[in-house]
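Given next are the chains, with one letter for each unit.
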Amino acid sequence: MYIGIIYFIVIILANTVGAISGMGGGVIIKPVLDTLHFHPLAAISFYSSVAVFTMSIVSTLRQLKNGLKLQMPIAVLVSLGSVIGGISGNSVFESLLRLFSDEKYVQLIQIILTIVTLVFAYFYTKIGNERSLRLSRPIWYVIVGLFLGFISTLLGIGGGPINVALLMLCFGIPIKEATVYSIITIFFSQAAKLFTIAQTTGFGRFDLAILLYVIPAAILGGFVGALISGKVSSERVTQVFQLVILLVLLLNLWNGVQLFI
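Criteria and cut-off values
Residues numbered from 1 in each chain as written. Predicted model: local features only at pLDDT ≥ 70, side-chain atom pairs only at ≥ 80, totals over all residues. Heavy atoms only, no water. UniProt positions renumbered as here; feature names shortened; annotations may be inferred. Phe/Tyr/Trp six-rings, centres within 6.5 Å; stacked < 30°, edge-to-face > 60°. Helix = DSSP H or I, 4+ residues; strand = E, 2+ residues; numbered from the N terminus. Buried < 20%, exposed > 50% of the residue type's maximum accessible area, 1.4 Å probe, protein only. Lys NZ or Arg CZ within 6 Å of the ring centre and 35° of its normal. 1 Å grid on protein atoms, 1.4 Å probe; cavity = no way out; pocket = protein on both sides within 12 Å on 5 of 7 lines; lining within 4 Å. Points joined across faces, edges and corners; volume = space filled by probe spheres on them. Nonpolar A, V, L, I, M, F, W, Y, C, P; charged D, E, K, R; others polar. Salt bridge = Lys/Arg side-chain N within 4 Å of Asp/Glu carboxyl O. Contact = heavy atoms within 4.5 Å.

- Going by what an unreviewed UniProt entry lists, the chain is known as Probable membrane transporter protein and is assigned to Enterococcus silesiacus.
- Under the Sequence similarities (unreviewed entry) heading, UniProt states for the chain: "Belongs to the 4-toluene sulfonate uptake permease (TSUP) (TC 2.A.102) family."

Have a look at this one:
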């Protein structure tokens with residue numbers, strides 16, 4: 001029971017911050033659960049996906065209620081790509097688990113790629129967020145969605161800061177609007193991942209009782225985060241975004257070191 005309570009606290013805090021910044025919470029949940037090491041890597045990735053999937057539903061509905069308008073063509077095309085990417089990313093993740101006899105090597109791959117995405121996102125929002133490629137062809141929305149869906153499910157982080165940074169870079173979307181498209185991308189990529197698991201390995205290998213703590217925490221975190229997001233400025237969102245990146249970067253570096261101690 002105490003493990004469930006710890007997960008509840010971690011997820012509600014992570015998803016609150018994730019909903020505000022558009023990161024989705026998984027970029028915080030995954031490395032924290034890795035550090036706690038209560039469950040195998042596949043289970044941690046699953047719980048993280050369920051948490052950010054649940055949060056994405058609550059947060060998107062709340063953001064729309066706050067009055068934020070979306071460009072539906074962008075939302076639909078990015079979501080389409082994220083579904084394909086989500087399925088592909090989960091397949092690669094499962095293949096890596098089968099390829100390596102020790103899951104710590106898969107975790108190391110996740111940590112390295114996560115650090116790369118964190119560094120990119122931090123420096124883009126820190127020094128280059130006025131620059132944009134201004135891509136507008138529909139195929140680019142699908143390609144970006146595919147990449148984001150793939151990397152988020154492969155890394156088990158739901159979406160993370162790369163979603164927001166890449167949407168801003170490619171399409172010139174303001175950060176507060178980018179956070180909402182990011183959350184929508186997270187919804188479809190994680191839905192695809194969970195559906196793929198259901199159709200392949202199934203959920204029997206996971207302790208589903210933990211979801212009694214994960215889902216309520218994700219709902220509360222998504223609701224509170226979206227509520228706060230509607231009341232803060234874009235500048236404050238950027239500050240939260242950058243601070244969380246630095247903290248999660250340090251946590252991933254710590255986890256990487258601990259693998260070989």
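1. A look at the packing of aromatic side chains
So, point 1. Counted according to the given criterion, the structure contains 12 aromatic pairs.
So, point 2. For the ring pair Tyr-2 and Phe-38, a centre distance of 6.0 Å and an interplane angle of 80 degrees mean the geometry is edge-to-face. Here Tyr-2 is found in helix α1 (residues 2-21), whereas its partner Phe-38 is found in the loop between α2 (26-36) and α3 (41-65), with 36 residues between them in sequence.
So, point 3. Classification of Tyr-2 as exposed rests on a relative accessible area of 56%.
So, point 4. Judged by relative accessible area, Phe-38 falls into the partly exposed class, the value being 28%.
So, point 5. The lysine or arginine in question, Lys-193, covers the ring of Phe-93, its NZ or CZ lying 5.8 Å from the ring centre.

2. Brief notes about empty space enclosed by the protein
So, point 1. Enumeration according to the criterion identifies two cavities of 30 Å³ or more in this entry.
So, point 2. Space inside the largest cavity adds up to approximately 50 Å³.
So, point 3. Surrounding the largest cavity, Val-27, Lys-30, Pro-31, Asp-34, Gln-110, Ile-111, Thr-114, Leu-155, Ile-157 and Asn-252 form its lining.
So, point 4. The set of elements that each furnish at least two residues to the lining of the largest cavity consists of α2 and α5 (103-127).
So, point 5. The greatest single-element share of the lining of the largest cavity, amounting to four residues, is contributed by α2.
So, point 6. Residue classes in the lining of the largest cavity are distributed as five nonpolar, three polar and two charged.
So, point 7. The calculated volume of the second largest cavity comes to roughly 40 Å³.
So, point 8. Surrounding the second largest cavity, Ala-42, Ser-45, Phe-46, Asn-90, Phe-93, Glu-94, Lys-193, Ile-197, Arg-205 and Phe-206 form its lining.
So, point 9. If you list the elements that add at least two residues to the lining of the second largest cavity, you get α3, α4 (72-99) and α8 (175-199).
So, point 10. Each residue belonging to the lining of the second largest cavity can be placed in one class, and the counts come to five nonpolar, two polar and three charged.

3. As for the pattern of salt bridges
So, point 1. Tallied over the full model, the rule gives two salt bridges.
So, point 2. Put simply, Asp-34 and Lys-30 hold a salt bridge, and the shortest N to O gap is 2.7 Å. A residue pair is termed a helical-turn pair when its members lie 3 or 4 positions apart in one helix, as Asp-34 and Lys-30 do in helix α2 at four residues.
So, point 3. Looking at Asp-34, the relative accessible area reads 7%, which means it is buried.
So, point 4. The buried category is assigned to Lys-30, whose relative accessible area is 3%.
So, point 5. A salt bridge links Glu-94 to Arg-205, with the shortest nitrogen-to-oxygen separation between them at 2.6 Å. You can see Glu-94 sitting in helix α4 and its partner Arg-205 sitting in the loop between α8 and α9 (211-229), a full 111 residues away along the chain.
So, point 6. Of the residues examined, Arg-205 reaches a relative accessible area of 40% and is grouped as partly exposed.

4. Topic: the environment of Gly-156
So, point 1. Examined against the element boundaries, Gly-156 turns out to sit in the loop between α6 (138-155) and α7 (161-171).
So, point 2. Relative accessible area serves as the criterion here: at 1%, Gly-156 is assigned to the buried category.
So, point 3. As a C-alpha pair, Gly-156 and Leu-33 span 123 residues in sequence and 11 Å in three-dimensional space.
So, point 4. Sequence-distant contacts of Gly-156, defined by excluding residues within four places in its chain, comprise Gly-26, Lys-30, Ser-45, Ser-48, Gln-110 and Lys-193.

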